[in-house]
Amino acid sequence: MPVWLEAGLWGLLAGGALVLGAAIAWLVRVPRWLIASVMAFGAGVLISALAFDLLDEAVTTGGLPPTVIGFLIGAVAYVAANVVLARLGARHRKRSGEQQVSEQEQAGSGTAIAVGALLDGVPESVVLGLSLLGGEGVGFAVLTAIIISNLPEGLSSTAGMKQSGRSARYVFGVWTGIAVASGVAGALGCLLLVGAPVEVVALITAVAAGAILAMVADTMIPEAFERTHLYAGLLTTVGFLTSFVISRVG
């Protein structure tokens, strides 16, 4: 199997966790405290994967300057795009309560939320594709972190979409589309950078990492803290430690 195709399938699998989370939230009334708890855990998992896998690998292979530059570019680009989407109605796209606006309250918010979900998911899949370039298979710790974090993202966001009156067609159309886009992003991340200089790969990896960290701070942590503020720190720490142990054992 071509490496780029394998990368695409891993991206599709990771994106599929969003669809699974959406299905659970649509069919079962999951308590908001439980969604927030899993979200806090998932945030810790992602932060650990960024620190001990993505950035460490980028620095080791490409050096510190490309990593620092890429990381800042990714964070700034994500925040800039997120600011625009927030003004269009996607500010609370990951929230499970009544914060999400409906199409009646703000026209075009449905499209903005869909684009925001795409913005949140694509960097993770690009990273998966890049992890295959070394010839040692997919980065297991990163893959695990993305799947663990995507599940509560799908849960929380879908619960909010349902509260704001979005239809099942819209909800599952969004998440299925994001899952497919994740597969495409993973494949392209691998295909376009095969044979590229290590500095370029490190730069792109760091760009994705910066965008992911900004996403965690802007969309996951607020939802986690609102409902589990007394325990959010502990749950995030446990998630961080879990991902760290997986990266060292795997």
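Just so it is clear, the structure is predicted and the values come from calculations on it, not from any experiment.

## Quick look at the overall build of the chain
Reasoning step 1: Of regular secondary structure, the chain possesses eight helices and zero strands.
Reasoning step 2: The helix and strand sequence of the chain, counted from the amino end, reads α-α-α-α-α-α-α-α.
Reasoning step 3: A globule of 250 residues ought to have a C-alpha radius of gyration of about 18 Å, and the chain, at 17 Å, matches this closely.
Reasoning step 4: A buried classification covers 47% of the 250 residues belonging to the chain.
Reasoning step 5: About 11,200 Å² of surface is accessible on the chain, with carbon and sulfur atoms providing 72% of the total.

## Some remarks on the UniProt feature "transmembrane region" (unreviewed entry) in the chain
Reasoning step 1: The UniProt record annotates "transmembrane region" (unreviewed entry) at residues 7-28, 33-52, 64-85, 170-194, 200-217 and 229-247.
Reasoning step 2: Strand forms 0% of residues 64-85 and helix 100%; the C-alpha atoms that close the span are 32 Å apart.
Reasoning step 3: With 84% helix and 0% strand, residues 229-247 has end C-alpha atoms that lie 28 Å from one another.

## Thoughts on the nonpolar core
Reasoning step 1: Counting 29 residues, the largest nonpolar core has Leu-46, Leu-128, Ile-212, Met-215, Val-216 and Met-220 as its most contacted members.
Reasoning step 2: Looking at this core, the elements with two or more residues in it are helix H1 (3-27), helix H2 (32-62), helix H4 (109-131), helix H5 (140-163) and helix H7 (198-228).
Reasoning step 3: With near-sequence residues (within four places) excluded, Val-216 lies in contact with Ala-43, Leu-46, Ile-47, Ile-221 and Pro-222.
Reasoning step 4: Ala-90, Ile-113, Ala-117 and Met-161 belong to the second largest nonpolar core, which has 12 residues in total.

## Concerning helix H6 (residues 168-191)
Reasoning step 1: Counted at 1.5 Å a residue, the expected span for H6 with its 24 residues is 34 Å, and the 34 Å between its end C-alpha atoms agrees.
Reasoning step 2: Turning to H6, its buried residues number three or more, namely Val-171, Val-174, Trp-175, Ile-178, Ala-179, Ser-182, Gly-183, Ala-185, Gly-186, Ala-187, Gly-189 and Cys-190.
Reasoning step 3: In the core, the buried residues of H6 are packed alongside H1, H4 and H5.

## Digging into the packing of aromatic side chains
Reasoning step 1: Within the structure shown, the criterion is met by three aromatic pairs.
Reasoning step 2: With a centroid separation of 6.1 Å and 75 degrees between ring planes, the pair formed by Trp-26 and Phe-172 is classed as edge-to-face. Of this pair, Trp-26 sits in helix H1 while Phe-172 sits in helix H6, placing them 146 residues apart in sequence.
Reasoning step 3: Between Phe-52 and Phe-240 the ring centres are 5.5 Å apart and the planes differ by 70 degrees, which places this aromatic pair in the edge-to-face class. Linking Phe-52 in helix H2 with Phe-240 in helix H8 (residues 232-249), this pair joins segments that are 188 residues apart in sequence.
Reasoning step 4: Linked through ring pairs, Phe-52, Phe-240 and Phe-244 together constitute an aromatic cluster.

## Some remarks on the environment of Pro-123
Reasoning step 1: As for its position among the elements, Pro-123 is in helix H4.
Reasoning step 2: A sequence separation of 38 residues divides Pro-123 from Leu-85, and the C-alpha atoms of the two residues are 17 Å apart.
Reasoning step 3: The contact partners of Pro-123, leaving out residues within four places of it in the chain, are Ala-208, Ala-211 and Ile-212.

## A closer look at helix H3 (residues 64-90)
Reasoning step 1: Remark: the principal bend of H3, roughly 25 degrees, maps to Val-84.
Reasoning step 2: Within H3, the full set of buried residues consists of Pro-66, Thr-67, Gly-70, Gly-74, Tyr-78, Asn-82, Leu-85, Ala-86, Gly-89 and Ala-90.

## A short note on the packing of H4 against H6
Reasoning step 1: In contact at an axis separation of 7 Å, H4 and H6 are set at 30 degrees when each is read in the N-to-C sense. Relative to H6, the element H4 is oriented roughly parallel. Here H4 runs over H6; the crossing is right-handed. Together, Gly-110, Ile-113, Ala-114, Ala-117, Leu-118, Gly-121, Val-122, Ser-125, Val-126, Gly-129 and Leu-130 of H4 and Tyr-170, Val-174, Trp-175, Ile-178, Ala-181, Ser-182, Ala-185, Gly-186, Gly-189 and Cys-190 of H6 make up the contact between the two elements.
Reasoning step 2: For the contact of H4 with H6, the class distribution of residues is 14 nonpolar, seven polar and no charged.

## What about a nonpolar patch on the surface?
Reasoning step 1: A cluster of nonpolar residues, Met-1, Trp-4, Leu-5, Leu-9, Leu-12, Val-180, Val-184, Leu-188, Leu-191 and Leu-192, forms a patch on the protein surface that exposes about 950 Å² of accessible area.
Reasoning step 2: Every element with two or more residues in the nonpolar patch is listed here: H1 and H6.
Reasoning step 3: Along the chain, Leu-5 turns up in helix H1.
Reasoning step 4: Residue classification places Leu-5 among the partly exposed positions, given a relative accessible area of 35%.

Conventions we followed
- Residues numbered from 1 in each chain as written.
- Predicted model: local features only at pLDDT ≥ 70, side-chain atom pairs only at ≥ 80, totals over all residues.
- Heavy atoms only, no water.
- Helix = DSSP H or I, 4+ residues; strand = E, 2+ residues; numbered from the N terminus.
- Rg over C-alpha atoms; globule rule 2.2 N^0.38 Å.
- Buried < 20%, exposed > 50% of the residue type's maximum accessible area, 1.4 Å probe, protein only.
- Areas by Shrake-Rupley, 256 points an atom, 1.4 Å probe, with all protein chains shown as cover.
- UniProt positions renumbered as here; feature names shortened; annotations may be inferred.
- Core = buried A, V, L, I, M, F, W, Y, C linked by side-chain atoms within 4.5 Å.
- Contact = heavy atoms within 4.5 Å.
- Expected span 1.5 Å × (residues − 1).
- Phe/Tyr/Trp six-rings, centres within 6.5 Å; stacked < 30°, edge-to-face > 60°.
- Bend = angle between axes of the 7 residues up to and from the residue.
- Axes fitted to C-alpha atoms, helices over the stretch in contact; angles between N-to-C directions.
- Parallel < 35°, antiparallel > 145°, perpendicular 65-115°, else oblique.
- Left-handed = near helix turned anticlockwise from the far one by under 90°.
- Nonpolar A, V, L, I, M, F, W, Y, C, P; charged D, E, K, R; others polar.
- Patch = residues over 30% accessible without salt bridge, like charges linked within 9 Å, V, L, I, M, F, W, Y side chains within 5 Å.
- Salt bridge = Lys/Arg side-chain N within 4 Å of Asp/Glu carboxyl O.

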